[in-house]
Number of protein chains: 2
Amino acid sequence: MTYPRTDRTTSLREPAKLRYDADEAHRILDEAYVCHIGYTAGDGLPRVLPTVHARVGETLYVHGSTGSRAMLGARDEGVDVCVTVTLLDGLILSRSWFHHSANYRCVIAHGKARLVGDPDEKLTALAAIVDSFAEGRSTSSRPPSARELAQTAVLALPLTEVSVKTRTGGPKEEPEDIGLPYWAGVVPLVLTPQEPVEDDHVTVPAPAHVASAGRPVQS
Amino acid sequence: MTYPRTDRTTSLREPAKLRYDADEAHRILDEAYVCHIGYTAGDGLPRVLPTVHARVGETLYVHGSTGSRAMLGARDEGVDVCVTVTLLDGLILSRSWFHHSANYRCVIAHGKARLVGDPDEKLTALAAIVDSFAEGRSTSSRPPSARELAQTAVLALPLTEVSVKTRTGGPKEEPEDIGLPYWAGVVPLVLTPQEPVEDDHVTVPAPAHVASAGRPVQS
């Protein structure tokens, strides 16, 4: 499936660098632990907040707080958001300042997010968010009480206006720079899980999902 | 130094979790390679873009593209932005879904960004951005030509409305959950540089800054 190009998901400057493949967008959204959600606050000024998210089919669920100003606005008619997910894959050290860059995979999703009201949908969304930390985690931890569920806000953004932009490979260089006496290359970066730190009073061995936490799911 | 609290840098729900210490904000801004800049586009809707940045004193320089819609707006009277920098430090696996969380360090800076016009200031900003990849890199690569400089857009955001939010430590648990037969703890995450991949035709050994690229500066 391919997302349609819209005004918001095309670029004035480098239209060829944007892609619209849903599978590719899904993989990036699913690998990332954190997204940045942008909206225009009541004062007319922009806000960008980091939060956690999970995708269920073509819906992106974004975790919020019931006190946040964005969520209050979403209760009635929804809130216009831009959700951006960026995976940083490397630093490009070019022979010229101009061609310094980064390798990355980025998804930008636009649309009107609604506050999830239905308790069943909210449970589904929260299970997906918990499982995005570590596959299967939702069945190895306690589901929310009615009170906890009421205290949790979840926004649902339909994935309809979505673009993907990535950069891979080595430095781009001007032909006349190749002979310059400067080192050039890529420093790859990988978000790497460290040894899990067990909480006090744990009475069970770490299940397999703990070892998988922080590692991209192999698809 | 402490940033003043303003409407935009206080929280309705958890005001005690926000801090305003400039040194702490600087360390987070300086460690991060990527920021997310949010603004309201001409259509009145929010945009969030990832880009690279560097701090020089109390100015945050954000790399842009001369064709981007945000930059065009900043040319005359500046553009209202929210720049958010998030370092993800770990996944919190709690005994309850509700207390799943992340360890992180986040800086949010609000204000009116101006497009940097002065060539000297632009050079200073770009050197700082190149050096943010690897300390000293700007003196080991070619500065921009006049044409390259004109093709590069840099936004300057004065650091005046800035908040810091962090989470550290292990899972928070409800007292009645402590005895549940679920594993709980933290999976720390570290952005880790891999072996540098040298470009073709490099004629010099990798300088020390290449080994430091991708590693937080020890302060």
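Residues numbered from 1 in each chain as written. Chains lettered and ligands numbered in written order. Predicted model: local features only at pLDDT ≥ 70, side-chain atom pairs only at ≥ 80, totals over all residues. Heavy atoms only, no water.

J.: Please clarify how the interface of chain A and chain B should be interpreted in this entry.
T.: For an interface, size is often stated in terms of accessible area lost upon the parts coming together. Each side of the interface is counted separately: chain A has 97 residues, and chain B has 97 residues. Across the interface of chain A and chain B, roughly 8,000 Å² is buried in total on both sides, 67% from carbon and sulfur atoms. Applying the counting criterion to the chain A and chain B interface returns 4 salt bridges. Its salt-bridge partner being A:Arg95, residue B:Asp199 comes within 2.7 Å of it at the nearest N-O pair. Joining chain A to chain B, the criterion identifies 37 residue pairs in polar contact (both at pLDDT 80 or more). Across the side of chain A that touches chain B, the residue classes break down as 51 nonpolar, 28 polar and 18 charged. Note that strand 10 (residues 185–193) of chain A and strand 11 (residues 197–198) of chain B share 2 bridges and pair antiparallel. (Contact = heavy atoms within 4.5 Å. Buried area = accessible area lost by both parts, 1.4 Å probe. Salt bridge = Lys/Arg side-chain N within 4 Å of Asp/Glu carboxyl O. Polar contact = N/O pair within 3.5 Å; in protein donor to acceptor, adjacent residues only side chain to side chain. Nonpolar A, V, L, I, M, F, W, Y, C, P; charged D, E, K, R; others polar. Pairing = 2+ DSSP bridges. Helix = DSSP H or I, 4+ residues; strand = E, 2+ residues; numbered from the N terminus.)

J.: Honestly, unusual backbone geometry in this entry has me stumped. Any pointers?
T.: What is expected of a backbone is that most residues other than glycine have negative phi and most peptide bonds are trans. Notably, A:His201 is not glycine yet its phi reads approximately 70°, a positive angle. With relative accessibility at 58%, the residue A:His201 sits in the exposed group. (Buried < 20%, exposed > 50% of the residue type's maximum accessible area, 1.4 Å probe, protein only.)

J.: Got a minute to help me understand the side chain of B:Asp177 in this structure?
T.: Relative to the assigned elements, B:Asp177 resides in the loop between strand 9 (161–167) and strand 10 (185–193). Residue class for B:Asp177 comes out buried when judged on its relative accessible area of 2%. Among all residues touching B:Asp177, those that are not within four sequence positions of it are A:Arg142, B:Arg95 and B:Ser96.

J.: Is there a simple way to explain helix 1 (residues 22–31) of chain B in this structure?
T.: One turn of an α-helix holds 3.6 residues; hence residues three or four places apart share an orientation. Regarding helix 1 of chain B, the residues found buried are B:Ala22, B:Glu24, B:Ala25, B:His26, B:Ile28 and B:Leu29. Two to three positions downstream of the cap, the backbone nitrogen of B:Asp23 sits 3.4 Å from a side-chain oxygen, assigning the N-cap of helix 1 of chain B to B:Asp21.

J.: When you look at the relation of the copies chain A and chain B in this model, what are you seeing that I'm missing?
T.: In this structure, two copies of a chain are linked by a rotation about an axis accompanied by a shift along it. Under the fitted operation, chain A is carried onto chain B by 0.0 Å of movement along the axis and a turn of 180°, and the coordinates agree to an RMSD of 0.0 Å. The two molecules are tied by a two-fold rotation axis, judged by turn and shift. Rotation axis and chain A: the residue whose C-alpha lies nearest the axis is A:Leu191, separated from it by 2.1 Å. Of the interface residues in chain A, 100% have counterparts in chain B that sit at the interface too, so the contact is made through matching surfaces. (Least-squares fit on C-alpha atoms with pLDDT ≥ 70 in both.)

J.: I tried to follow the pattern of salt bridges on my own but got confused; where do I start?
T.: Oppositely charged side chains can pair when the atoms bearing their charge come close. What the rule picks out here adds up to 24 salt bridges over all chains. As a salt-bridge pair, A:Arg8 and A:Glu161 come within 2.9 Å of each other at their nearest N and O atoms. Of the two residues, A:Arg8 sits in the segment before strand 1 (18–19) while A:Glu161 sits in strand 9 (residues 161–167), which places them 153 residues apart along the sequence. Classification of A:Glu161 as buried rests on a relative accessible area of 17%. Residue B:Asp43 pairs with B:Arg47 through a salt bridge whose shortest N-O separation is 2.7 Å.

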